[in-house]
Structures are given as structure tokens and as C-alpha cells.
Amino acid sequence: MLWSKDKILSLEAAIAQRAAWHAENRRVVFTNGCFDLLHLGHVDYLEKARHLGDALVVGLNTDRSVGNLKPGRPLQDEMARARILASLLFVDAVVLFDEPTPLTLIEQLQPDILVKGDDYTISGIVGHETVLQNGGEVRTVPLVDGYSTTRIVERIRQQFQP
């Protein structure tokens, strides 16, 4: 049995794992996000992404990266977020990245399939050119309406305001 912490990989380890998966003719799917408070929308999205290929690698924004994108966040630190993601059966690897976007990670990992939610257009997905130039696919998957970390945080604040 693989422990969740063992699925959190450095970029170098992820590249080596990708090569091993390719040697087994497995198609590698990549997606990314902050995944601050894991909710049904995240689970559904990640599960759909995994079903597009044979292994799912999730790029996870570091705390600094999240803070730069969303002031006042994250609510959970990067290792907690990474372990929670890695505990999901359909997530094969988690790789943290500190940059504003996962472009460098995508360029180095060279996934077969790049996935984001259908709130993105293909041309708006960071790394789409790289994946397409390497013969891969870029896909969007439907999101579950009504679920977002921002919405959950707002509902909690409303519940506890005097």
C-alpha cells in the first residue's frame, strides 16, 4: 500500500515517474490548482480528469503562490493540502510549484493530457501550446455548479457573524 505522503513528489521524481508510466504505455493527465478546502467540486473534477488517462498528476500551488493569487489565503498550509489531495485514490502524484502559473512544471513534465474545468477555454489554459506541440491533448471537464472554496468561506462567515 502506498502512503499518501509518498505520492507527494519533487519535480525530478515526477519526471522520473512520468517516464516509468510512459514505459508502461500509460497516458499521464495533468491538472493544477490551489485546492484550499477540498470539496465536492474538487473531487468530481479530479475524478473526471483522471478518467481521461491512466495516471493523474496534480500541480499544487505553494502557500506563497496561493497568497499572491488570493490575498488572505490559503486557509490550509501546502503540506496539509498536498496530503489531502494525495490521499485520493484517483490522484497518482502531487507536485508543488511556487510560480504564479504551472507553465514550467508542464514544460518539464510533458503530460499527455492537460485538463482544467469548463470555466476555461482551451486557449486560456496555461501550457496548452506546450502540450499540443508535443502531440498531447488539452481538455476541459464540466464543473459541479455551486461548489467553490470562496463560496464555502463566505457561507461560514455569514453563519458566524453577529
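Residues numbered from 1 in each chain as written. Predicted model: local features only at pLDDT ≥ 70, side-chain atom pairs only at ≥ 80, totals over all residues. Heavy atoms only, no water.

A. How the structure looks around the overall build of the chain. A tally of regular secondary structure across the chain gives seven helices and five strands. Element order for the chain, N to C, with α for helix and β for strand: α-β-α-β-α-α-β-α-β-α-β-α. Here the C-alpha radius of gyration of the chain, 16 Å, is about what a compact globule of 162 residues would show, namely 15 Å. In terms of overall dimensions, the chain has C-alpha extents of about 60 × 35 × 25 Å along its principal axes. Evaluated residue by residue, the chain yields a buried proportion of 41% over its 162 residues. Within the chain, contacts between residues at least 6 apart in sequence are counted, and of these 73% link residues at least 24 apart. With the model as given, the accessible surface of the chain reaches about 8,800 Å², and the carbon-plus-sulfur share is 51%. In the chain, the 17 positive side-chain charges and the 21 negative ones have mean positions that sit 4 Å from each other. (Helix = DSSP H or I, 4+ residues; strand = E, 2+ residues; numbered from the N terminus. Rg over C-alpha atoms; globule rule 2.2 N^0.38 Å. Buried < 20%, exposed > 50% of the residue type's maximum accessible area, 1.4 Å probe, protein only. Contact = heavy atoms within 4.5 Å. Areas by Shrake-Rupley, 256 points an atom, 1.4 Å probe, with all protein chains shown as cover. Lys, Arg positive; Asp, Glu negative; His and termini not counted. Charge placed at Lys NZ, Arg CZ, Asp CG, Glu CD.)

B. Looking closely at the nonpolar core. Residues L46, L85, V91 and V94 are the most contacted members of the largest nonpolar core, which totals 19 residues. Broken down by secondary-structure element, the contributors of at least two residues to this core are α2 (40–50), β2 (55–61), α4 (78–86) and β4 (113–117). Sequence-distant contacts of L85, defined by excluding residues within four places in its chain, comprise F35, L38, L46, V58, L60, V91 and V94. Core analysis: the second largest hydrophobic core is formed by 17 residues, L9, F30, V57 and A93 among them. (Core = buried A, V, L, I, M, F, W, Y, C linked by side-chain atoms within 4.5 Å.)

C. Seen up close, unusual backbone geometry. Going from R73 to P74, the amide bond is cis rather than trans, its omega being 10°. Along the chain, P74 turns up in the loop between α3 (63–69) and α4. Of note, the phi angle at N25 is positive, near 60°, even though the residue is not glycine. With respect to the helices, strands and loops of the structure, N25 is situated in the loop between α1 (11–23) and β1 (28–33). In this structure N25 comes out as exposed when scored by relative accessible area, which is 69%. The phi dihedral of Q110 falls on the positive side, at around 50°, and the residue is not glycine. The topology assignment puts Q110 in the loop between α5 (103–109) and β4. Relative accessible area serves as the criterion here: at 35%, Q110 is assigned to the partly exposed category.

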